[in-house]
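# Understanding the architecture of this molecule
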Amino acid sequence: NAKARGRNCLQFFNQQIQKDAERNAELHLYLKTALAQHEFELYYQPIVNPFTSQIIKAEVLLRWIHDGKFISPDEFIPIAEESGLIVQIGEWVRTQALTSILALQQRQLAIPLSINVSTIEFWTADLQQRFLAYFDAIQKQFGLDDFPYSLITLEITESLMMKQQKSINLLLTELRHRGMKISVDDFGTGYSSLSYLVNFPVDQIKIDKSFIQKITSGSRHKALIEAIVSMSRALDLSIVAEGVETQEELEFIKQQDIQAVQGYHFYRPMPQEAFFDLLAKQAQSTSTT
Ligand code: C2E
Ligand code: MG
Ligand code: MG
Ligand code: MG
């Protein structure tokens, strides 16, 4: 009967909540030692010019390999954020990305790298201070005369701008002053307000893949992307289309004259060695043609 079914259902949900909580606690425990145990690795996903298929930049994406199994960032980043571990993890990611940039510079293969930054890393005045101080410290530690700021793009999310804090505005201004670019990731999925884009010092937006994936399901979805594109142009922001998987999606993106595309249609995220090889191959083929 209905009552018994309801009871079973409730029991099922309770069990699920219990399981999720256990999984979270377990991941939190292992996350604490993941850095020390060298369980993180950076993957690289090329971003291409859709008209020439040339790789113009790349996004670095964190991978956690625990007990031989990949754990998705969508699962562990929120846990790292709740526990504050994201701050050390973020610094590790930036150091790895910088190391890659320097290695690529030595091979004359350097391209800009995009690095994801958690909102938590800008949460307090102390963390904002730490975020800046990190760059000064690492420059000293690496003994760099000049820091390759112009090859770094920081990807933030709309939730950061929603805080509408003066201090965040100032921090982003300082980061740009040093030569880094600021990109708004997953654009359109948060509670976006156009005024954020006018008031915050940003250079680029990334159209979220959920919009790209709806291109094929009708003209209203296309109109939405067209609106995002014309607004970005009016504000002089560059555009990256994220999550392009099919030829049809690519054609529409090209019709919009979007100059940068990221998605499985071209490349999936890959380990560093494969990425470096790919850039070397591209350099070779462009120098011989
Ligand atoms: P994101 O920054 O929006 O990164 C893009 C995600 O879309 C990546 O997932 C990428 O693998 C995936 N993707 C790219 N092209 C396609 C496509 O054509 N189709 C589909 N279905 N997916 C595509 P990934 O690597 O699993 O990362 C998920 C999220 O985790 C990232 O979303 C980002 O928010 C977060 N994340 C990853 N690395 C870091 C990091 O180093 N620090 C922080 N704070 N967050 C990170
Ligand atoms: Mg991103
Ligand atoms: Mg994104
Ligand atoms: Mg995201």
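Structure: see above.
Values in this document were obtained by computation on a predicted structure and should not be read as measured data.

Conventions used here
Residues numbered from 1 in each chain as written. Chains lettered and ligands numbered in written order. Predicted model: local features only at pLDDT ≥ 70, side-chain atom pairs only at ≥ 80, totals over all residues. Heavy atoms only, no water. Helix = DSSP H or I, 4+ residues; strand = E, 2+ residues; numbered from the N terminus. Rg over C-alpha atoms; globule rule 2.2 N^0.38 Å. Buried < 20%, exposed > 50% of the residue type's maximum accessible area, 1.4 Å probe, protein only. Contact = heavy atoms within 4.5 Å. Areas by Shrake-Rupley, 256 points an atom, 1.4 Å probe, with all protein chains shown as cover. Lys, Arg positive; Asp, Glu negative; His and termini not counted. Charge placed at Lys NZ, Arg CZ, Asp CG, Glu CD. Phe/Tyr/Trp six-rings, centres within 6.5 Å; stacked < 30°, edge-to-face > 60°. Lys NZ or Arg CZ within 6 Å of the ring centre and 35° of its normal. Expected span 1.5 Å × (residues − 1). Arc of directions from axis to C-beta. Pairing = 2+ DSSP bridges.

## Describing the overall build of the chain
Counting secondary structure elements, the chain contains eleven helices and ten strands. Relative to the compact-globule value of 19 Å for 289 residues, the chain shows a C-alpha radius of gyration of 21 Å, a close match. Viewed in the frame of its principal axes, the chain has a C-alpha envelope of about 75 × 50 × 40 Å. Burial analysis of the chain (289 residues in total) assigns 44% to the buried set. Here the contacts in the chain between residues at least 6 apart in sequence split such that 69% fall between residues at least 24 apart. Roughly 15,400 Å² of accessible area belongs to the chain as shown, and the carbon and sulfur atoms make up 51% of that amount. Between the mean site of the 27 positive side-chain charges and the mean site of the 34 negative ones, the chain shows a separation of 5 Å.

## Things to note about the packing of aromatic side chains
Overall, the coordinates contain 13 aromatic pairs when judged by the stated rule. Here the aromatic rings of phenylalanine 275 and phenylalanine 276 are separated by 6.2 Å at their centres, their planes lie at 55 degrees, and the arrangement is tilted. Its relative accessible area of 8% is what places phenylalanine 276 among the buried residues. Three or more aromatic residues joined by ring pairs make a cluster, and in this case those are Phe122, Phe131, Tyr134, Phe135, Phe147 and Tyr149. Over the ring of tyrosine 134 we find arginine 94, and its NZ or CZ is 5.4 Å from the ring centre.

## Some details on unusual backbone geometry
Residue histidine 38 is not a glycine yet carries a positive backbone phi of 55 degrees. Following the sequence through the fold, histidine 38 ends up in the loop between α1 (2-34) and β1 (40-48). Positive phi values are uncommon outside glycine, yet aspartate 67 reaches one of about 55 degrees. Residue position: aspartate 67 is located in the loop between β2 (55-66) and β3 (69-71).

## As for helix α6 (residues 166-177)
In this model, α6 (twelve residues) spans 16 Å end to end at C-alpha, consistent with the 16 Å of a helix rising 1.5 Å per residue. If you check which residues of α6 are buried, you get Ile168, Leu171, Leu172 and Leu175. End-on, the buried residues of α6 take up no more than an arc of 95 degrees, which puts them together on one face. Summarising the geometry of α6, the exposed residues directed more than 90 degrees from the buried face are Lys166, Leu170 and His177. Where α6 is buried, its residues contact α4 (125-142), β5 (152-157), α5 (158-162) and β6 (181-187).

## Regarding the pairing of β1
Burial analysis of β1 places eight of its nine residues in the buried class, the great majority of the element. One ladder, built from nine bridges, connects β1 with β2; its direction is antiparallel. Across the sheet, leucine 42 pairs through a bridge with leucine 62, a residue of β2. Between β1 and β2, which follow one another and run antiparallel, lie six residues, and serine 53 among them has a positive phi close to 65 degrees. Of the strand pairs in this sheet, β1 and strand β10 (residues 270-271) are connected by two bridges, and their pairing is antiparallel. Counterpart to tyrosine 43 in the pairing with β10 is proline 271.

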